[in-house]
Amino acid sequence: MSAASPLRSPTLQRSRMKKDESFLGKLGGTLVRKKKAKEVSDLQEEGKNAINAPMSPTPIDIHPEDTMLEENEERTMIDPNSKEDSKFKELVKVLIDWINEVLVEERIIVKNLEEDFYDGQVLQKLLEKLANRKLSVAEVTQSEIAQKQKLQTILDDIQEFLRPQGWAIRWNVDSIHGKNLVAILHLLVALAMHFRAPIRLPEHVCVQVVVVKKREGILQTAHVTEELTTTMELMMGKFERDAFDTLFDHAPDKLSVVKKSLITFVNKHLNKLNLEVTELESQFADGVYLVLLMGLLENYFVPLHNFYLTPEGFEQKVHNISFSFELMQDGG
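Residues numbered from 1 in each chain as written. Predicted model: local features only at pLDDT ≥ 70, side-chain atom pairs only at ≥ 80, totals over all residues. Heavy atoms only, no water.

### Things to note about the overall build of the protein chain
Next, step 1: Counting its regular elements, the protein chain contains 14 helices and 3 strands.
Next, step 2: Counting across all 332 residues of the protein chain, residues that qualify as buried make up 35%.
Next, step 3: Total accessible area on the protein chain stands at roughly 21,600 Å², and carbon and sulfur atoms take up 54% of it. (Helix = DSSP H or I, 4+ residues; strand = E, 2+ residues; numbered from the N terminus. Buried < 20%, exposed > 50% of the residue type's maximum accessible area, 1.4 Å probe, protein only. Areas by Shrake-Rupley, 256 points an atom, 1.4 Å probe, with all protein chains shown as cover.)

Listed below in structure tokens is the structure:
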């Protein structure tokens, strides 16, 4: 006879069933969680694919807030690879060190350009120190509207400084308040150059900028190369100003007085050759008087075969003027 199967008590059977149900429940919960995680992952992947659709040459990581755009709204950000570029890092460091040096008496320490400049608070203090004057703006602003109003006033003041030099304005209230690092860097580079900051910025700093735009409900991206600095010579050249720049800016009514003084000065020398100037614009246009004046000022005779004493036509006049510039360069 075969051995009888051991009897199980009802209590033991119920306990075993509960354990089985508990195990299945946990397994089911785990499967549900994995399914939900996969759905989230799929959604993230789909969003990334949409963001990195045909316009983008390489995949990038974009923060979720940068994808919450209205139709036709556009947002820009620096490609993460560009942020790791050594020259870009040097530019940011040099600017931060300079700003902290300027604001040391204000006990302000800048660590992050996006976070410290978006509301206008630090920018106000920086401009006041550089321009050595008080701005008529609120010291503290909490609301977004008040911050933007304050920013607009400050940026208008800055533009007044930069307009005469023809400096390209590559920022606005929305980009600065939106913590756009490219716009903030353009602004700070311009300020550093205009106020002749005792620093040397790295030259030819370029970054890859990712432009995200929503069109017909679809996110599209494009990569654009943005030049943050050129050469120090070119950048400083925009701000090389002399007495005439100041005259044009602040006392244009005195220009006629200056012209009379210049005519007196020129005739003092040209009279030695029995020549006289009455109109600067027309009589210096062919370069003859410029060449002769340089010889008189530097005390040498200019051979007549080097220039046209009675120029005929545009090319001969240009030759005279170019020659006079060479004499000026030789004379320092």
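### Quick look at the pattern of salt bridges
Next, step 1: A full pass over the atoms with the stated rule returns 9 salt bridges.
Next, step 2: As a salt-bridge pair, Asp97 and Lys93 come within 2.8 Å of each other at their nearest N and O atoms. One end of the pair, Asp97, and the other, Lys93, are both in helix α3 (residues 86-102), 4 residues apart, so they sit about a helical turn from each other.
Next, step 3: Residue classification places Asp97 among the partly exposed positions, given a relative accessible area of 40%.
Next, step 4: Lys148 is the salt-bridge partner of Asp174, the closest N and O atoms lying 3.2 Å from each other. Taken as a pair, Asp174 in helix α7 (residues 173-177) and Lys148 in helix α6 (residues 144-162) lie far apart in primary sequence, 26 residues in all.
Next, step 5: You can call Asp174 exposed: its relative accessible area is 52%.
Next, step 6: For Lys148, a relative accessible area of 26% gives the class partly exposed.
Next, step 7: Connected through salt bridges with shared partners, the residues Glu144, Lys148 and Asp174 form a single ionic network. (Salt bridge = Lys/Arg side-chain N within 4 Å of Asp/Glu carboxyl O.)

### Here's the deal with the nonpolar core
Next, step 1: Core analysis: the largest hydrophobic core is formed by 53 residues, its most contacted members being Trp98, Leu113, Phe117, Ile158 and Trp171.
Next, step 2: Secondary structure elements with two or more residues in this core: α3, α4 (113-117), α5 (121-131), α6, α7, α8 (181-194), β2 (206-215) and α9 (232-237).
Next, step 3: Sorting elements by how many residues they give to this core places α8 first, with 12 residues.
Next, step 4: Beyond its immediate chain neighbours, meaning those up to four positions away, Trp98 contacts Leu130, Leu188, Leu191, Ala192, Ala197, Pro198 and Ile199.
Next, step 5: In terms of nonpolar packing, the next biggest core, distinct from the first, is built from 17 residues, Leu280, Phe284, Met294 and Val302 among them. (Core = buried A, V, L, I, M, F, W, Y, C linked by side-chain atoms within 4.5 Å. Contact = heavy atoms within 4.5 Å.)

### Structural notes on the packing of aromatic side chains
Next, step 1: In total, this model carries 2 aromatic pairs according to the counting rule given.
Next, step 2: On the basis of an interplanar angle of 70° and a centroid distance of 5.4 Å, the ring pair of Phe161 and Phe195 is categorised as edge-to-face. In this pair, Phe161 sits in helix α6 while Phe195 sits in the loop between α8 and β2, placing the two residues 34 residues apart along the sequence.
Next, step 3: Judged by centre distance (6.2 Å) and plane angle (80°), the ring pair of Phe284 and Tyr289 falls under edge-to-face.
Next, step 4: Assessed through its relative accessible area of 13%, Phe284 is described here as buried.
Next, step 5: In this structure, Lys179 is placed above the aromatic ring of Tyr118, and the distance from its NZ or CZ to the ring centre is 4.6 Å. (Phe/Tyr/Trp six-rings, centres within 6.5 Å; stacked < 30°, edge-to-face > 60°. Lys NZ or Arg CZ within 6 Å of the ring centre and 35° of its normal.)

### Examining the sheet that holds β2
Next, step 1: A sheet is described by the order of its strands in space; here 3 strands give the open sequence β1-β2-β3, paired in antiparallel fashion. On the outer flanks of this sheet lie β1 (74-78) and β3 (218-227), each paired with one strand and no other. Direction aside, the axes of adjacent strands within the sheet are offset by 25° on average.
Next, step 2: Bridge analysis of β2 against β3 gives 10 bridges, and the strand direction is antiparallel. Directly across from Lys213, in β3, lies its bridge partner Gln220.
Next, step 3: The sheet strands contacting α8 are β1, β2 and β3, and the helix crosses β3 at an angle near 25°. (Pairing = 2+ DSSP bridges. Axes fitted to C-alpha atoms, helices over the stretch in contact; angles between N-to-C directions.)

### Considering helix α13 (residues 288-298)
Next, step 1: Within α13, 8 of the 11 residues are buried, which leaves the element mostly enclosed by the surrounding structure.
Next, step 2: Within α13 the residues assigned to the buried category are Val288, Tyr289, Leu290, Val291, Leu292, Leu293, Met294 and Gly295.
Next, step 3: Asn299, located one to two residues past α13, shows a positive phi value of around 65°.

### A few points about the pairing of β2
Next, step 1: Bridge analysis of β1 against β2 gives 5 bridges, and the strand direction is antiparallel. Following the sheet pairing, Glu74 is matched in β2 by Lys213.
Next, step 2: Hairpin connection, β2 to β3: the antiparallel pair is bridged by 2 residues, and Glu216 has positive phi, about 55°.

### Digging into the environment of Thr230
Next, step 1: Counting through the fold element by element, Thr230 comes out in the loop between β3 and α9.
Next, step 2: Once the C-alpha coordinates of Thr230 and Cys206 are considered, the two residues, 24 residues apart in sequence, prove to be 9.0 Å apart.
Next, step 3: Look past the residues within four positions of Thr230 in its chain and what remains in contact with it is Glu203, His204 and Met235.

### Looking at the packing of α5 against α8
Next, step 1: Axis separation between α5 and α8 bottoms out at 12 Å; the angle between their running directions is 10°. Judged on the interaxial angle alone, α8 and α5 are roughly parallel. Contacts between α5 and α8 involve Leu123, Leu126 and Leu127 on the former and, on the latter, Leu187, Leu188 and Leu191.
Next, step 2: Its residues assigned to classes, the contact of α5 with α8 shows 6 nonpolar, no polar and no charged. (Parallel < 35°, antiparallel > 145°, perpendicular 65-115°, else oblique. Nonpolar A, V, L, I, M, F, W, Y, C, P; charged D, E, K, R; others polar.)

### Some remarks on the side chain of Glu128
Next, step 1: Within the secondary structure, Glu128 is located in helix α5.
Next, step 2: Buried within the structure, Glu128 lacks any salt-bridge partner; Lys134 is the closest side chain of opposite charge, at an N-O distance of 4.0 Å.
Next, step 3: Filtering out sequence-adjacent residues up to four positions away, Glu128 remains in contact with Arg133, Lys134 and Leu135. (Lys, Arg positive; Asp, Glu negative; His and termini not counted.)

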